[in-house]
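As a plain string of letters, each chain reads:
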2 protein chains.
Amino acid sequence: MPAPENLESLFHPRTVAVVGASDKPGKISGVIMESLAAAGFDGEVYPVNPSREEVGGVKCYPTLGHIEGGVDLAVLAVPAGVVPGVLEESPGAARGVVIIGGGFGEAGPEGKELERRVRDLARKSGTRVIGPNCMGLYNSSAGLDTFFIPREKVRRPPAGGVSIISQSGSFAITAMDELASEGVGVARVVSYGNKLDVNEADCLAYLAEDESTTAVAVYMESVTDGHAFVEAASRCAAVKPVMALKVGRFGAGASAARSHTGALTGRYEVYRAAFRKAGVIEVGGYEEFIGGCKALGAEKTPRGRRVAIVTDGGGIGVGLADSCSEAGLEVPPLDEYVKEELAGEFPSYFGVSNPLDLTGSVTDGLFAEAVEKVLDGDNFDMAIVAALWGPPGLTDGLAGLLAQKAEISGKPVLVCTPGGEYSRGRMGLFRERGLPVFPSPESAVRAAALIAEVGERGGLKKGGEG
Amino acid sequence: MPAPENLESLFHPRTVAVVGASDKPGKISGVIMESLAAAGFDGEVYPVNPSREEVGGVKCYPTLGHIEGGVDLAVLAVPAGVVPGVLEESPGAARGVVIIGGGFGEAGPEGKELERRVRDLARKSGTRVIGPNCMGLYNSSAGLDTFFIPREKVRRPPAGGVSIISQSGSFAITAMDELASEGVGVARVVSYGNKLDVNEADCLAYLAEDESTTAVAVYMESVTDGHAFVEAASRCAAVKPVMALKVGRFGAGASAARSHTGALTGRYEVYRAAFRKAGVIEVGGYEEFIGGCKALGAEKTPRGRRVAIVTDGGGIGVGLADSCSEAGLEVPPLDEYVKEELAGEFPSYFGVSNPLDLTGSVTDGLFAEAVEKVLDGDNFDMAIVAALWGPPGLTDGLAGLLAQKAEISGKPVLVCTPGGEYSRGRMGLFRERGLPVFPSPESAVRAAALIAEVGERGGLKKGGEG
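Residues numbered from 1 in each chain as written. Chains lettered and ligands numbered in written order. Predicted model: local features only at pLDDT ≥ 70, side-chain atom pairs only at ≥ 80, totals over all residues. Heavy atoms only, no water.

(A) Local environment of the relation of the copies chain A and chain B. Superposing chain A onto chain B takes a rotation of 180° combined with a translation of 0.0 Å along the rotation axis, leaving an RMSD of 0.1 Å. Those values place the two copies in the arrangement expected of a two-fold rotation axis. Looking at chain A, 100% of its interface residues are interface residues in chain B too, so the copies touch through the same face. (Least-squares fit on C-alpha atoms with pLDDT ≥ 70 in both. Contact = heavy atoms within 4.5 Å.)

Spelled out as structure tokens, the structure:
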């Protein structure tokens with residue numbers, strides 16, 4: 001396996017060339033240049049196109065070789081057939097290359113042959129390649145963004161600790177967009193597509209040592225080299241949580257994954273065994289992937305599986321308790337001491353147990369006090385708060401109070417606020433104060449189960465080698 | 001079991017009294033009067049309060065007995081201890097009563113005793129009672145709304161075919177609010193709380209014969225009379241789909257359910273057996289409950305379990321196929337004939353299989369054409385469409401075209417558009433055209449599995465007795 005530092009020019013380029021640059025509206029190359037500008041990339045950007053003098057007012061170069069000193073990263077927004085020529089005419093002029101276009105291995109034997117030619121050329125010149133058939137790279141701290149979907153359609157997440165590596169480009173952008181709308185920060189996103197060079201193992205090895213990355217979320221359809229994957233995933237999982245979604249697990253999905261990026265997918269059981277061996281936490285689908293990123297983005301993990309449920313909706317509380325049991329979380333009774341303390345201060349009709357039902361008479365203050373009391377001491381490892389907004393005593397001030405109590409406790413507090421527009425409009429209040437917030441009880445429980453598993457494996461702190 | 005027509009005065013009252021009426025701001029009785037007005041109730045509303053001459057400019061009556069001819073429905077917004085007196089002083093003056101307040105059976109032995117007294121009084125005068133400890137009734141076609149949460153916090157759904165009966169009031173309003181925001185129409189909502197008289201079996205028997213109700217969704221913690229429940233649920237499920245969420249299934253949840261409405265909950269296995277016997281479709285939680293209401297609200301059920309997946313995001317398509325397999329749905333390959341037809345019209349790099357991946361080169365027209373072609377003939381029973389909005393060829397026009405093709409096919413087409421703000425902002429386009437739309441692949445699959453089960457049991461059409 002190549003040393004991860006070789007990937008530095010890809011993840012942290014100082015100079016980026018866009019090959020196939022054009023200012024015709026709607027051209028992919030134009031969107032990429034806009035993405036770089038919008039991301040605040042402050043290195044040099046060089047348009048490359050033999051048939052143009054300038055692009056968008058910037059001097060255009062005929063080939064990569066014409067750029068003095070070459071570039072750290074070249075984004076190739078040209079048709080598949082043109083790619084070998086670009087590499088051949090200026091060998092080594094780009095230390096790293098992203099090949100955006102499709103029409104390679106996923107398109108049949110000719111495409112596979114094209115892929116082989118590109119791989120040979122890149123190896124000869126020591127160039128690292130991401131793609132083809134991909135979106136490339138997003139690095140929130142380096143202002144790097146090669147994703148060719150305009151920002152009005154797909155928002156980019158703020159800077160944060162979660163890094164995503166994805167075989168599917170559309171999965172990567174959908175997740176980025178959803179996380180951006182959820183206010184979850186990310187460090188790096190790699191859409192690696194057909195992985196003719198850089199694959200999931202390379203990315204994991206790189207992210208293991210990347211200081212900005214506190215957790216890694218992987219979407220994969222296939223693995224290139226099982227041994228290398230387990231080695232890199234183990235190395236990464238030893239120092240930060242690694243969560244993976246393997247799709248193409250069953251019948252139709254498995255065949256679809258094969259045709260999607262042209263890769264062999266292998267048997268699902270083998271993946272499961274590899275994940276287990278490497279200490280990778282498997283998630284079952286898109287919802288769990290997003291929820292997991294939200295929970296990991298909040299950067300707090302519990303020490304165990306004991307959940308305190310605090311709510312002002314009795315029914316939702318009961319449902320939460322069921323979901324926790326189903327997800328392998330524990331919902332132990334309240335300690336007698338806590339019970340007495342709460343019973344002394346709360347009206348007699350409050351259901352002082354776990355779940356703790358504060359009823360329609362709840363206020364912001366009572367909600368916060370309840371969370372503080374149950375999380376004090378060593379009876380619980382985390383709390384799930386289900387806030388329904390009907391009670392007149394609840395205001396927008398709840399989020400700030402709960403965030404304070406969560407901070408004091410040092411334990412994760414996950415919030416869910418099921419309901420319609422009013423509830424949905426309140427979610428941002430929790431998010432802004434660092435509390436992960438979910439639209440349904442089940443999504444909160446899935447995330448709680450995930451961070452419980454992370455906690456059991458040593459939490460989010462960067463520890464020693466495992 | 002009392003005949004369901006006895007409940008007509010509760011569900012379709014012509015005259016409603018609000019006992020405990022007051023125009024002090026923030027009073028529950030005031031919100032109820034506002035709810036009735038906002039719902040467009042066009043019968044008479046009588047405030048009742050011995051210490052007032054008028055409320056909000058309307059003449060106030062000292063007791064129910066002072067209203068000439070009595071009322072169909074009296075909503076009692078008075079403290080628990082006052083309730084027996086209200087019934088005693090004007091026996092039979094109200095044909096139906098909703099008791100809003102808590103402090104009854106759920107509050108201990110004294111409350112249980114109070115409940116018994118009220119039950120005796122009601123029986124003597126032939127008065128049907130909903131509650132106590134509940135929200136009461138919502139009837140979208142009769143302009144009836146006794147729910148005491150203001151509409152700015154909890155929206156009310158438009159008129160439609162789904163009826164909800166719920167032991168938990170907060171669950172009922174949360175679901176109503178979410179369904180309103182999702183544009184799902186409902187017929188009736190009953191929050192029946194401690195059910196000292198009217199219980200789940202009575203409601204099911206009533207809704208079985210209610211012509212506005214095309215499907216019933218039940219939230220329950222306990223059952224009053226197992227035999228009566230199975231009989232009523234069977235009668236209802238024979239003519240329209242009945243979906244039930246039983247909470248308090250496990251350890252902590254089961255204890256919580258007991259204390260929540262003061263009812264015995266019984267063993268979960270017994271419920272499962274009862275659901276099976278009655279033909280009730282069980283759902284596992286809030287998410288499935290809401291998703292099920294959305295799917296049933298669209299009023300189309302498939303004839304079988306064969307799903308065509310059409311998407312412009314390869315990765316999401318693969319994940320959808322996995323989820324379908326896990327949910328017991330089938331994702332069979334495309335017929336050779338359809339494959340050739342599509343291959344003739346689509347670019348060669350489209351993945352012409354099932355899932356059908358239209359890639360980033362998709363347009364509204366190609367998406368619609370693909371859905372039309374795969375649903376034509378007898379190879380599939382329904383389609384799940386996953387629309388990702390990155391491709392420049394996709395516009396807001398997609399929803400209308402897809403709705404047309406769904407209409408032509410006569411088969412259910414479920415849409416999911418995972419992602420952030422742009423995607424979320426497009427959901428209404430599908431909704432408005434009658435296509436059920438979901439925020440994640442998994443939520444679409446859960447709903448597809450539910451309507452497949454409904455389809456197997458004879459669909460949504462009102463059939464003969466089962």
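(B) Highlighting the sheet that holds strand 19 (residues 437-438) of chain A. Residue and element names in this part refer to chain A. The five strands are arranged 16-15-17-18-19 in an open sheet whose pairing can be described as parallel. On the outer flanks of this sheet lie strand 16 (356-357) and strand 19, each paired with one strand and no other. Here strand 18 (residues 413-416) pairs with strand 19 via two bridges, running parallel. When the bridges of strand 19 are listed, V415 appears paired with V437. (Pairing = 2+ DSSP bridges. Helix = DSSP H or I, 4+ residues; strand = E, 2+ residues; numbered from the N terminus.)

(C) Representation of the pattern of salt bridges. Residues and elements named next belong to chain A. A full pass over the atoms with the stated rule returns 62 salt bridges over all chains. Taking the shortest distance from any N to any O, the salt bridge between D396 and R426 comes out at 2.6 Å. Remark: R426 occurs in helix 15 (residues 421-432) and D396 occurs in the loop between strand 17 (382-386) and helix 14 (398-409); sequence separation between them is 30 residues. Classification of D396 by relative accessible area gives partly exposed; the value is 35%. (Salt bridge = Lys/Arg side-chain N within 4 Å of Asp/Glu carboxyl O. Buried < 20%, exposed > 50% of the residue type's maximum accessible area, 1.4 Å probe, protein only.)

(D) View of the interface of chain A and chain B. Each partner contributes residues to the interface: chain A has 59 residues there, and chain B has 59 residues. Buried surface at the junction of chain A and chain B, both sides included, amounts to about 4,400 Å², of which 54% is carbon and sulfur. In this structure, the connection of chain A to chain B is made through twelve salt bridges. R249 of chain B is the partner of E326 of chain A in a salt bridge, and the nearest nitrogen-oxygen pair spans 3.2 Å. (Buried area = accessible area lost by both parts, 1.4 Å probe.)

(E) Here's a closer look at the nonpolar core. One finds L329 of chain A together with I130, L137, L204 and F289 of chain B to be the most contacted residues of the largest nonpolar core, which totals 110 residues. Apart from residues lying up to four places away in sequence, L204 of chain B is in contact with I165, V216, V218, F229, A232, A233, C236 and V242 of chain B. If you look at the next biggest cluster of nonpolar residues, it comprises 109 residues, including C134 and A244 of chain A together with A321 and A449 of chain B. (Core = buried A, V, L, I, M, F, W, Y, C linked by side-chain atoms within 4.5 Å.)

Geometric descriptors of this kind do not, in isolation, establish any biological role.
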